[in-house]
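The chain contents come next:
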Amino acid sequence: MIELRAVHRSYEADEARVDAVRGIDLTIDRGEFVAVIGPSGSGKSTVLNLMGALDQPTSGEVLLNGRPLAKCNRTELARIRGSAVGFVFQAFNLVPGITAAENVALPAVLLRKRPAEYRDEVARLLDLVGLSAKADRLPGQLSGGEQQRVAFARALVMDPPILLADEPTGNLDTTAGEAIIDLLEASHNAGRTIVLVTHDMRLASRAQRIVHLRDGEITHITCPPSGRDRRLEEILEVGEPERR
């Protein structure tokens, strides 16, 4: 579903050339849950922006469903960002002057959908993230965790097949962060392709594959244990608990 071929991304900063991404090759299959990790400045967010058509590579190709993004015109790219890909960011990026429900509906409004086409879906998503009772609240009247759940619902309102999440728990406490990761896992279980950028190995371990970045390059890719395999690892590490 997502393919990066020899992708480079460079830019000028303070009259110096910065190579944010250096020759990355990566394929993400339909329905995969992939985490991208690495230290600050390793190129994680740049890679995500390239995947989501928010940025273009200096060289190389980014393909969605086999189609090079470089061959898409501005209207097509806007439609990809509006309906083919959902985004969840560390900064919630909610519009402060409109309600939670109106923020969730925003992508549909920007794509000029009629209220009848999205009203029920907005209500369903707010119920999914546990915020039906706060649909009429402004972002400033919500906690950080609640704002991120609104942002998560907004990312899903157009039912995109791909969900990109850039440090979605970075501004949240542990409990609120776990709730967002649970929502990501539920979205993956529903069939979406998920790419999660994080610096937290504990969160990354919830993915099927972990892409390790450093200095704009992939150093290695690992597959964490999951489900039964993870439980077996815990038993081997700490011993089988006593039976009473």
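Residues numbered from 1 in each chain as written. Predicted model: local features only at pLDDT ≥ 70, side-chain atom pairs only at ≥ 80, totals over all residues. Heavy atoms only, no water.

## Quick look at the environment of aspartate 215
Then, in step 1: With respect to the helices and strands, aspartate 215 occurs in the loop between strand S9 (209–214) and strand S10 (217–222).
Then, in step 2: Counting along the chain gives 168 residues from aspartate 215 to valine 47, while the straight-line C-alpha distance between them is 12 Å.
Then, in step 3: Leave out the neighbours within four places in its chain, and aspartate 215 touches Arg22 and Ser42. (Helix = DSSP H or I, 4+ residues; strand = E, 2+ residues; numbered from the N terminus. Contact = heavy atoms within 4.5 Å.)

## Section: the pattern of salt bridges
Then, in step 1: Per the counting criterion, the structure on display carries 14 salt bridges.
Then, in step 2: Residue arginine 5 pairs with glutamate 61 through a salt bridge whose shortest N-O separation is 3.5 Å. Within this pair, whereas arginine 5 is found in strand S1 (residues 2–13), its partner glutamate 61 is found in strand S4 (residues 59–64), the two being separated by 56 residues in sequence.
Then, in step 3: Judged by relative accessible area, which is 37%, arginine 5 ranks as partly exposed.
Then, in step 4: The residue arginine 206 makes a salt bridge to glutamate 185 at a minimum N-O spacing of 3.0 Å. (Salt bridge = Lys/Arg side-chain N within 4 Å of Asp/Glu carboxyl O. Buried < 20%, exposed > 50% of the residue type's maximum accessible area, 1.4 Å probe, protein only.)

## Some thoughts on the nonpolar core
Then, in step 1: With 40 residues, the main nonpolar core has Val104, Val122, Leu126, Val150, Phe152, Leu163 and Leu184 as its most contacted residues.
Then, in step 2: Sorting the residues of this core by element identifies strand S3 (33–37), helix H3 (100–110), helix H4 (115–128), helix H5 (144–156), strand S7 (162–166), helix H6 (174–189), strand S8 (193–197) and helix H7 (201–204) as the ones contributing at least two each.
Then, in step 3: Ignoring sequence-local partners within four residues, the contact set of phenylalanine 152 consists of Val88, Val129, Leu163, Leu183, Leu184 and Ser187.
Then, in step 4: Counting 29 residues, the second-largest nonpolar core is a separate cluster that includes Ile24, Ile28, Ile80 and Phe87. (Core = buried A, V, L, I, M, F, W, Y, C linked by side-chain atoms within 4.5 Å.)

## Regarding H6
Then, in step 1: Taking 1.5 Å of rise per residue, the 16 residues of H6 would be expected to cover 22 Å, and the 22 Å separating its terminal C-alpha atoms lies within 8% of that figure.
Then, in step 2: Residues of H6 that are buried: Ala176, Gly177, Ile180, Ile181, Leu183, Leu184, Ser187 and His188. The arc that holds every buried residue of H6, seen down its axis, measures 155°, which confines them to one face. Looking at H6, the residues exposed on the side facing more than 90 degrees away from the buried face are Thr174, Thr175 and Asn189.
Then, in step 3: Against the buried residues of H6 lie S3, H4, H5, S7, S8 and H7.
Then, in step 4: Where H6 begins, one side-chain oxygen reaches toward the backbone nitrogen of threonine 175, 3.3 Å away; that side chain belongs to aspartate 173.
Then, in step 5: The positive-phi residue at the C-terminal boundary of H6 is glycine 191, with phi of around 115°. (Expected span 1.5 Å × (residues − 1). Arc of directions from axis to C-beta. Polar contact = N/O pair within 3.5 Å; in protein donor to acceptor, adjacent residues only side chain to side chain.)

## What to know about the packing of H3 against H5
Then, in step 1: Close contact between H3 and H5 brings their axes to 7 Å; oriented N to C, the two are set at 30°. The orientation of H3 with respect to H5, classified from their angle, is roughly parallel. Crossing angle aside, the handedness with which H3 passes H5 is right-handed. Here Ala100, Asn103, Val104 and Pro107 of H3 come into contact with H5, specifically with Val150, Ala153 and Arg154.
Then, in step 2: The residue inventory of the contact of H3 with H5, partitioned by class, reads five nonpolar, one polar and one charged. (Axes fitted to C-alpha atoms, helices over the stretch in contact; angles between N-to-C directions. Parallel < 35°, antiparallel > 145°, perpendicular 65-115°, else oblique. Left-handed = near helix turned anticlockwise from the far one by under 90°. Nonpolar A, V, L, I, M, F, W, Y, C, P; charged D, E, K, R; others polar.)

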